Amino acid sequence: MRIHALGDTALLAELGTRLDTALNTRAIALAAALKKRRDVRQAIAGYASVTVHFDPEQATPDSLGAAIKRLAAKRPPMAEPGRLHRIPVIYRGPDLEEVAEKLKLTPQRVAEIHSRPIYRVFLVGFVPGWAYMGPLPEELELQRRHVPRTLVPAGSVAIAGRQTGIYPLPSPGGWHLIGSTSVKLFLPDRDPPCLFRAGDRVKFFASTT
Amino acid sequence: MKAVLRVVEPGLFTTVQDLGRPNAIAAGVPPGGAMDRFAHRAANLLVGNAEIDATLECTLSGPHLRAEHACIVAITGADFEPRINGTQVANWTGIFVSPGDRLTFGARRAGGRAYIAVAGGLEGDRWLGSASTNLMAARGGMHGRNLKAGDQLTTAREASRPAVSGHHLPERLRPRYTDHTLFAIAGPHIKRLDAESRRLLFGATFNVSREADRMGYRLDGPRLATSGDELLSFGLAAGAIQVPRAGQPILLMADHQTAGGYPVVATVVSASLQVAGQLVPGDELRFAEVTIERARQMRQSQAAALDSLRDDLR
């Protein structure tokens with residue numbers, strides 16, 4: 001594990017560099033364990049890392065770094081299977097035809113492959129309610145769009161690399177839009193204000209409404 | 001509570017801010033809060049408030065406010081030449097205001113963001129534990145938006161008694177907003193910069209571009225060359241200097257995205273975030289590398305300056 005300074009009040013602990021469910025499970029468990037410490041203000045799991053915001057009056061980067069290594073060496077508690085969300089998708093996104101063409105598949109087949117796996121929510125972040133999900137089947141792997149869109153509608157279901165996601169708010173975006181859902185991901189009047197949490201599982205199914 | 005101030009003119013971009021909502025980061029919600037936390041805290045302490053009370057953050061120009069009730073206000077941060085009924089008043093000082101008094105501002109002399117605290121603390125919509133305004137979610141502060149003419153500003157509670165004006169932060173303890181050197185600690189991905197780019201990062205002059213807001217500043221200046229594979233997204237922090245593939249650095253500020261996958265080559269230390277929070281498009285800046293130990297000393301001297309205000313009020 002490598003631990004880096006992120007300024008004078010945060011550390012980035014890297015558990016690995018691969019998109020991997022086991023690494024992500026360890027990162028989520030480590031973040032949960034760190035949050036219980038008095039010198040830790042906030043611990044956020046990334047794909048394979050934990051960003052730890054600490055109280056510099058109670059910890060030094062060295063003392064906290066050592067504690068992070070000790071905690072990471074412990075066997076994490078058995079992770080419970082995450083909550084399962086079933087999400088209806090209308091597979092009629094503006095990029096569906098182009099994606100199908102590039103992958104030498106039919107649009108119908110892209111939808112079938114996309115809705116086959118149960119995806120894992122690796123982390124929630126970037127913008128409110130956005131969830132990085134994967135791994136996407138290799139058959140659908142594509143680089144991001146060369147020119148990002150300046151405005152992607154909320155509810156757009158998108159793919160890029162080995163990841164899939166849903167735009168929770170209208171925002172710029174460079175992923176390929178293959179469908180849309182009416183499910184709201186950003187719930188500003190709930191706490192936490194988002195539908196998905198890190199570690200949750202998501203199953204898409206084709207819908208006409 | 002009671003409406004103490006009425007907004008006659010809102011200024012260019014004025015929002016309610018406090019110390020933000022760090023507990024919402026895990027949901028992807030930006031931490032938010034005052035861009036210059038030193039000025040925000042000092043303004044509150046000068047009027048007898050708690051540091052976490054909400055203040056107004058005024059960007060590039062000040063508002064025109066009319067007092068509806070007697071109150072104490074303090075204006076800190078950028079110097080926009082504050083005036084009461086047309087007569088210039090001191091920054092970084094607690095001031096009595098009487099009903100009918102008009103608080104206005106003149107020209108921008110230094111800094112980009114002024115803070116106005118009112119004894120009793122400003123009332124704002126609370127969202128996820130904070131009254132800070134989040135425009136994207138349209139939540140917090142003044143109904144999730146910047147101020148507009150006609151808004152009424154109310155206090156969260158009765159001001160502490162007795163009311164005392166004239167508390168001030170001595171000049172020597174105020175941040176020097178004209179010195180745009182931002183101290184930074186080398187970041188997790190500093191090794192992705194080639195030698196020349198590393199030299200430029202800690203040597204060249206950059207300019208805050210027009211693409212600069214509370215989320216962050218894109219910086220004009222030399223391009224920084226990074227190498228290596230794409231990174232997996234990870235949790236970010238205010239002050240992080242990201243370098244996307246095209247090489248134009250981005251300095252993340254209070255409303256920053258909570259996660260991202262661009263290399264972070266350095267992070268501005270907490271004691272320098274105050275000055276960073278005063279920057280506006282066109283400002284020059286440079287980064288200077290510091291050690292964790294030096295960052296600690298800088299942080300502690302700022303804390304001591306705020307402590308002196310607290311002792312003052314005892």
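Definitions and cut-offs
- Residues numbered from 1 in each chain as written.
- Chains lettered and ligands numbered in written order.
- Predicted model: local features only at pLDDT ≥ 70, side-chain atom pairs only at ≥ 80, totals over all residues.
- Heavy atoms only, no water.
- Salt bridge = Lys/Arg side-chain N within 4 Å of Asp/Glu carboxyl O.
- Helix = DSSP H or I, 4+ residues; strand = E, 2+ residues; numbered from the N terminus.
- Buried < 20%, exposed > 50% of the residue type's maximum accessible area, 1.4 Å probe, protein only.
- Axes fitted to C-alpha atoms, helices over the stretch in contact; angles between N-to-C directions.
- Parallel < 35°, antiparallel > 145°, perpendicular 65-115°, else oblique.
- Contact = heavy atoms within 4.5 Å.
- Domains from an automatic or database assignment.
- Buried area = accessible area lost by both parts, 1.4 Å probe.
- Nonpolar A, V, L, I, M, F, W, Y, C, P; charged D, E, K, R; others polar.
- Left-handed = near helix turned anticlockwise from the far one by under 90°.
- Core = buried A, V, L, I, M, F, W, Y, C linked by side-chain atoms within 4.5 Å.
- Phe/Tyr/Trp six-rings, centres within 6.5 Å; stacked < 30°, edge-to-face > 60°.
- Pairing = 2+ DSSP bridges.

*Asks:* Would you take a moment to explain the pattern of salt bridges for this structure?
*Replies:* Side chains that carry opposite charge are capable of pairing whenever their charged atoms lie near each other. Residue and element names in this part refer to chain B. Going through the model one piece at a time under the given rule, you end up with 28 salt bridges over all chains. Among the ionic pairs, Arg6 bridges to Glu68, the shortest N-O distance being 3.7 Å. Of this pair, Arg6 sits in strand β1 (residues 3-9) while Glu68 is found in the loop between β4 (64-67) and β5 (71-79), placing the two residues 62 residues apart along the sequence. Among the ionic pairs, Glu196 bridges to Arg199, the shortest N-O distance being 3.0 Å. On the criterion of helical spacing, the pair formed by Glu196 and Arg199 is a turn pair, its members being 3 residues apart in helix α2 (residues 195-201). When its relative accessible area of 42% is taken as the criterion, Glu196 is described as partly exposed. Because the salt bridges share partners, they merge into one network encompassing Arg41, Glu51, Asp307 and Arg310.

*Asks:* I'm lost on the packing of helix α1 (residues 37-46) of chain B against helix α4 (residues 292-312) of chain B in this one. Help?
*Replies:* The angle between the axes and the distance between the axes are what describe a pair of packed helices. All names here are of chain B. Running from amino to carboxyl end, α1 crosses α4 at an angle of 10°, the nearest separation of the two axes being 9 Å. Classed by the angle they form, the pair α1 and α4 counts as roughly parallel. On the side of α1, the interface is formed by Phe38, Arg41, Ala42, Leu45 and Leu46, while α4 contributes Gln302, Ala305, Leu306, Leu309 and Arg310.

*Asks:* Please explain the domain arrangement of chain B as it appears in this structure.
*Replies:* In many reports, interface size means the accessible area that the parts give up when they come together. Residue and element names in this part refer to chain B. If you check the domain split of chain B, you get domain 1 (3-170) and domain 2 (181-305). The straight-line distance from the C-alpha centre of domain 1 to that of domain 2 is 27 Å. Taken together, the contact between domain 1 and domain 2 spans 26 residues of the former and 17 residues of the latter. Taking both partners together, domain 1 and domain 2 bury about 1,600 Å²; carbon and sulfur atoms supply 56% of that area. On the domain 1 side of the contact with domain 2, Met35, Phe38 and Arg113 bury the most area, a combined 37% of that side's loss. Here domain 1 and domain 2 share 1 salt bridge between them.

*Asks:* Hey, could you run me through unusual backbone geometry in this one?
*Replies:* Trans peptide bonds make up the majority, and among non-glycine residues the majority have a negative phi. Look at the link from Gly134(A) to Pro135(A): it is a cis peptide, with omega at -15°. By secondary structure assignment, the location of Pro135(A) is in the loop between β7 (131-134) and β8 (149-152). Between Asp191(A) and Pro192(A) the backbone carries a cis peptide bond, its omega angle lying at 0°. Within the secondary structure, Pro192(A) sits in the loop between β12 (176-180) and β13 (201-206). We note that Lys104(A) has phi near 55°; this positive angle belongs to a residue other than glycine. Within the fold, Lys104(A) resides in the loop between α3 (96-103) and α4 (107-114). The residue Trp92(B) is not glycine, and still its phi comes out positive at about 60°.

*Asks:* Is there a simple way to think about the side chain of Thr93(B) in this case?
*Replies:* When you line up the elements, Thr93(B) lands in the loop between β7 (87-88) and β8 (94-97). Once residues lying within four places of it in the same chain are set aside, the contact partners of Thr93(B) are Leu46(B), Val73(B), Ala74(B), Ile75(B), Gly166(B), His167(B) and His168(B).

*Asks:* What is the right way to look at the domain arrangement of chain A in this model?
*Replies:* Residues and elements named next belong to chain A. What the domain assignment lists for chain A is domain 1 (2-73) and domain 2 (84-206). The C-alpha-based centres of domain 1 and domain 2 are spaced at 28 Å. Each side of the interface is counted separately: domain 1 has 9 residues, and domain 2 has 10 residues. Taking both sides of the interface into account, the surface hidden between domain 1 and domain 2 amounts to around 770 Å²; carbon and sulfur atoms contribute 65%. Per element, the largest residue contribution to the side of domain 1 that touches domain 2 is 4 residues, and it comes from helix α1 (residues 21-35). Among the residues forming the side of domain 1 that touches domain 2, the class breakdown is 4 nonpolar, 4 polar and 1 charged.

*Asks:* Before we go on, may I ask you to explain the packing of α1(A) against helix α2 (residues 61-73) of chain A in this structure?
*Replies:* Residues and elements named next belong to chain A. In the contact formed by α1 and α2, the axes pass within 10 Å of each other and the chain directions differ by 125°. Taken together, α1 and α2 sit at an angle that is classed as oblique. Here the hand of the crossing between α1 and α2 comes out right-handed. Taken together, the residues of α2 that come into contact with α1 (itself represented by Arg26, Leu30, Ala33 and Leu34) are Ile68, Leu71 and Ala72. Split into classes, the residues belonging to the contact of α1 with α2 amount to 6 nonpolar, no polar and 1 charged.

*Asks:* Where do I start with the interface of chain B and chain A in this structure?
*Replies:* With 36 residues of chain B at the contact, the number on the chain A side is 41 residues. Summing both partners gives a buried area of about 2,900 Å² for chain B against chain A, and 63% of it is carried by carbon and sulfur. Along the contact surface separating chain B from chain A lie 3 salt bridges. The partner of Arg139(B) in a salt bridge is Asp189(A), with the nearest N and O atoms 2.9 Å apart. Of all elements in the fold, only β12 (181-186), β15 (234-235), β19 (264-268) and α4 of chain B reach the threshold of two or more residues within the side of chain B that touches chain A. In terms of residues, the side of chain B that touches chain A owes the most to one element, α4(B), which gives 4 residues. For the side of chain B that touches chain A, the residue count by class is 22 nonpolar, 11 polar and 3 charged.

*Asks:* What is the right way to look at the nonpolar core in this model?
*Replies:* The nonpolar side chains of a soluble globular protein tend to be buried, and buried together. Core analysis: the biggest nonpolar cluster contains 49 residues, and Leu182(B), Leu201(B), Tyr217(B), Leu251(B), Val268(B), Leu285(B) and Phe287(B) have the highest contact counts within it. Broken down by element, this core gets its largest block of residues, 6 residues, from α1(B). Every residue in contact with Leu201(B), bar those within four places of it in the chain, is listed here: Ile190(B), Leu193(B), Phe206(B), Leu224(B), Val265(B), Ala266(B) and Phe287(B). Among the nonpolar cores identified, the runner-up in size contains 37 residues, and Ala131(A), Met133(A), Ala24(B) and Leu128(B) belong to it.

*Asks:* Help me understand the packing of aromatic side chains in this model?
*Replies:* Each aromatic ring pair is summarised here by two numbers: the centre-to-centre distance and the angle between the ring planes. The tally for this structure, following the rule as stated, stands at 9 aromatic pairs over all chains. Seen in terms of ring centroids, Tyr47(A) and Tyr132(A) are 5.7 Å apart; in terms of plane orientation they differ by 65°. Their pairing is edge-to-face. In this pair, Tyr47(A) sits in the loop between β3 (40-45) and β4 (49-54) while Tyr132(A) sits in strand β7, placing the two residues 85 residues apart along the sequence. A single burial state applies to Tyr47(A) and to Tyr132(A), both of which are buried. Between Phe38(B) and Trp92(B) the ring centres are 6.1 Å apart and the planes differ by 50°, which places this aromatic pair in the tilted class. Here the residue Phe38(B) occupies a position in helix α1, and Trp92(B) occupies one in the loop between β7 and β8, the gap between them amounting to 54 residues.

*Asks:* I'm lost on the sheet that holds β4(B) in this one. Help?
*Replies:* Residues and elements named next belong to chain B. Read from one edge to the other, the open sheet built from 6 strands follows the order β7-β6-β9-β4-β1-β11, with strand pairing classed as antiparallel. Sheet topology places β7 and β11 (152-154) at the edges, where each strand pairs with a single neighbour. Relative to β7, strand β6 (residues 82-84) runs antiparallel, the two being bridged by 2 bridges. Bridge pairing links Ile84 to Thr87 in β7.

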